[in-house]
Amino acid sequence: MPHDIVVGIDGSAEGLGAAHWAAQEAQRRGAGLGVVHVWHRHPHPAPYVPMDSTERDWAEHLLEEAVGSVRAAHPGLRITGRLVCDATVAGLLKAAADADLLVLGSRGLGALGGFLTGSVSQRVVGRSTRPVVLVRAGRSAADEHLPATDGVAPEEIPETPYRHVVLGLQTDRPCDELIEFAFDAARRRGTGLSVVHAFRTAFRPAPVPSVPLGSAAPEGPAPDPRPQSQALVDQERTVAAVLRPWREKYPTVAVTETVTEGRAAVVLVRAARDAGLLVVGRRGVDHQVGVFMGPVTHAVLHHVGCPVAVVPHD
C-alpha cells in the first residue's frame with residue numbers, strides 16, 4: 001500500500017475509532033486507506049471466538065465490520081481491507097512498511113488497550129520506520145475542531161476551524177522529518193502550529209558572602225537569575241533560526257513559538273491540552289523486545305488526550 005495510510009483494528013471500539021480518524025486523515029491527504037487486522041492461531045480457540053466459528057472466520061468478520069463502518073461514513077474514500085496472520089507487532093510493521101502513516105487506537109489516558117498493551121505498544125512505536133499516530137478512545141470528528149456553536153448540524157462540523165497542532169521541538173539536533181510533518185499537518189488542517197521547546201539550565205548559586213563569627217548564617221544560596229535569563233534568550237534565538245526556513249516553505253501556516261525552562265514532558269502535556277494533534281519525535285529504531293522510547297515520548301503517550309504522532313528520525 002505505497003503512499004497510503006494504514007490503520008490497525010482489533011475488533012475493539014478503540015480500533016474502530018482509530019480507523020475513522022485515519023479515514024479523515026486519508027481524505028485530507030488525498031490518499032487511500034488500508035484497514036489491517038492482524039491475527040494469529042492459538043493452540044486452542046481464543047475465548048472471544050464464538051463456538052460456531054474458527055479464528056480465521058472471526059478475524060474476517062471483524063475486518064469486514066470495520067471496513068463496512070468506515071466505507072459507510074466515507075463513501076468516496078478508497079479503502080482496502082487486509083487480513084494478516086502473524087504476530088501482532090510484526091504484522092503491523094510489515095503492513096505499514098511502505099505506508100506514509102500507521103494509525104492505532106488506544107484505550108484512554110494512562111493505558112493503551114486492545115493490541116496496544118504494555119511492551120507491544122512500545123515495540124510498535126519504537127520499531128516502526130514510519131510515523132505512528134495513536135488515537136484515544138472516544139475521539140470523534142468533532143474533537144478535532146474548535147467547539148461549535150449551538151445549533152450546528154453534524155454535517156457542518158468540518159466547516160468549524162480545526163484545533164491547533166503542537167510540535168515538541170528539540171534544538172540540539174533538529175530533524176527535518178519531524179518539523180515537516182508538523183507543518184504539513186497544520187497546513188492540511190488550515191490551522192496554526194504551536195512550536196514548544198523546553199530546556200533546563202544548570203543551577204548556579206550566587207557567591208555566598210563571608211559571615212562574621214557569631215552572626216546568623218544565611219538561609220541558603222540564592223539562584224543567580226542572569227544565567228537563566230541569558231539561556232532563555234539564546235534558546236529563543238535558536239528556535240527562531242531552526243524554524244525560519246520552514247516558515248518560508250509554509251507561509252500560510254501561522255506559527256507561535258513557546259520557549260520555557262522546565263521538564264519537556266510536563267510542558268508538552270500542558271501545551272497539548274486543547275490541541276488537535278501533538279507531534280513528537282523518536283530517534284533511531286530499537287529492535288529489542290523492550291524498546292526505550294525516551295521519557296518525554298513515553299509520558300505524552302500516557303497523559304495527552306489528543307492524537308499523538310510519533311515521528312522516527314535519525
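Residues numbered from 1 in each chain as written. Predicted model: local features only at pLDDT ≥ 70, side-chain atom pairs only at ≥ 80, totals over all residues. Heavy atoms only, no water.

Turning our attention to the overall build of the protein. What the protein contains, in helices and strands, is 8 helices and 10 strands. Accessible area for the protein stands at about 16,100 Å²; split by element, carbon and sulfur atoms hold 53% of it. (Helix = DSSP H or I, 4+ residues; strand = E, 2+ residues; numbered from the N terminus. Areas by Shrake-Rupley, 256 points an atom, 1.4 Å probe, with all protein chains shown as cover.)

Attention now goes to the environment of Arg-82. With respect to the secondary-structure elements, Arg-82 resides in strand S3 (residues 79–85). Look at Arg-82 and you get partly exposed, because its relative accessible area is 36%. Note: C-alpha distance between Arg-82 and Gly-8 (74 residues apart in sequence) is 9.7 Å. (Buried < 20%, exposed > 50% of the residue type's maximum accessible area, 1.4 Å probe, protein only.)

Right, let's talk about the layout of surface pockets for a bit. Volume-wise, the largest pocket comes out at about 530 Å³. Lining the largest pocket are 26 residues, with Gly-168, Leu-169, Gln-170, Ala-264 and Val-296 positioned closest to its centre. Of all the secondary-structure elements, those providing two or more residues to the lining of the largest pocket are strand S7 (193–199), helix H7 (264–271), strand S9 (277–283) and helix H8 (295–303). Here the lining of the largest pocket is composed, by residue class, of 12 nonpolar, 9 polar and 5 charged. (1 Å grid on protein atoms, 1.4 Å probe; cavity = no way out; pocket = protein on both sides within 12 Å on 5 of 7 lines; lining within 4 Å. Points joined across faces, edges and corners; volume = space filled by probe spheres on them. Nonpolar A, V, L, I, M, F, W, Y, C, P; charged D, E, K, R; others polar.)

On to the confidence of the model for the protein. Mean pLDDT over the protein works out to 83, with 75% of the residues at or above the 70 mark. Of all the helices and strands in the protein, helix H4 (residues 119–127) carries the lowest mean pLDDT, 77, while strand S6 (residues 165–168) carries the highest, 98. Low pLDDT, under 50, characterises residues 109–118; the predicted model gives this stretch 31 contacts beyond four residues in sequence or across chains. (pLDDT = per-residue confidence, 0-100. Contact = heavy atoms within 4.5 Å.)

Before going further, it helps to spend a moment on empty space enclosed by the protein. Per the counting criterion, the structure on display carries 1 cavity of 30 Å³ or more. Taken as a whole, the largest cavity spans an internal volume of roughly 30 Å³. Going through the elements one at a time, helix H1 (13–29) and helix H5 (176–189) are the ones with two or more residues in the lining of the largest cavity. Considering only residue class, the lining of the largest cavity consists of 6 nonpolar, no polar and 3 charged.

Quick look at the sheet that holds strand S10 (residues 308–313) now. Within the open sheet, the 10 strands sit side by side as S3-S2-S1-S4-S5-S10-S9-S6-S7-S8. Their pairing is mixed. Looking at which strands have only one partner, the edges of the open sheet turn out to be S3 and strand S8 (255–261). With direction set aside, neighbouring strand axes in the sheet form an average angle of 25 degrees. Two strands pair when backbone bridges link them, and strand S1 (residues 5–9) and strand S2 (residues 33–39) are joined in this way by 5 bridges, in the parallel orientation. The partner of Ile-9 across the bridge, within S2, is His-37. The strands touched by H8 within the sheet are strand S5 (132–136), S9 and S10, with S5 carrying the most contacts at an inclination of about 30 degrees. (Pairing = 2+ DSSP bridges. Axes fitted to C-alpha atoms, helices over the stretch in contact; angles between N-to-C directions.)

The next point concerns the pattern of salt bridges. Counted according to the given criterion, the structure contains 12 salt bridges. Arg-28 is the salt-bridge partner of Glu-25, the closest N and O atoms lying 2.7 Å from each other. Note that Glu-25 and Arg-28 are positioned in helix H1 at a spacing of 3 residues, about one turn of the helix. Under the relative-accessibility criterion, Glu-25 is labelled buried at 3%. For Arg-28, a relative accessible area of 16% puts it in the buried group. The salt bridge involving Glu-144 is made with Arg-189; its shortest N-O contact spans 3.8 Å. Here Glu-144 is found in the loop between S5 and S6, whereas its partner Arg-189 is found in helix H5, with 45 residues between them in sequence. In this structure, a network of salt bridges that share partners links the residues Glu-25, Arg-28, Arg-29, Glu-144 and Arg-189. (Salt bridge = Lys/Arg side-chain N within 4 Å of Asp/Glu carboxyl O.)

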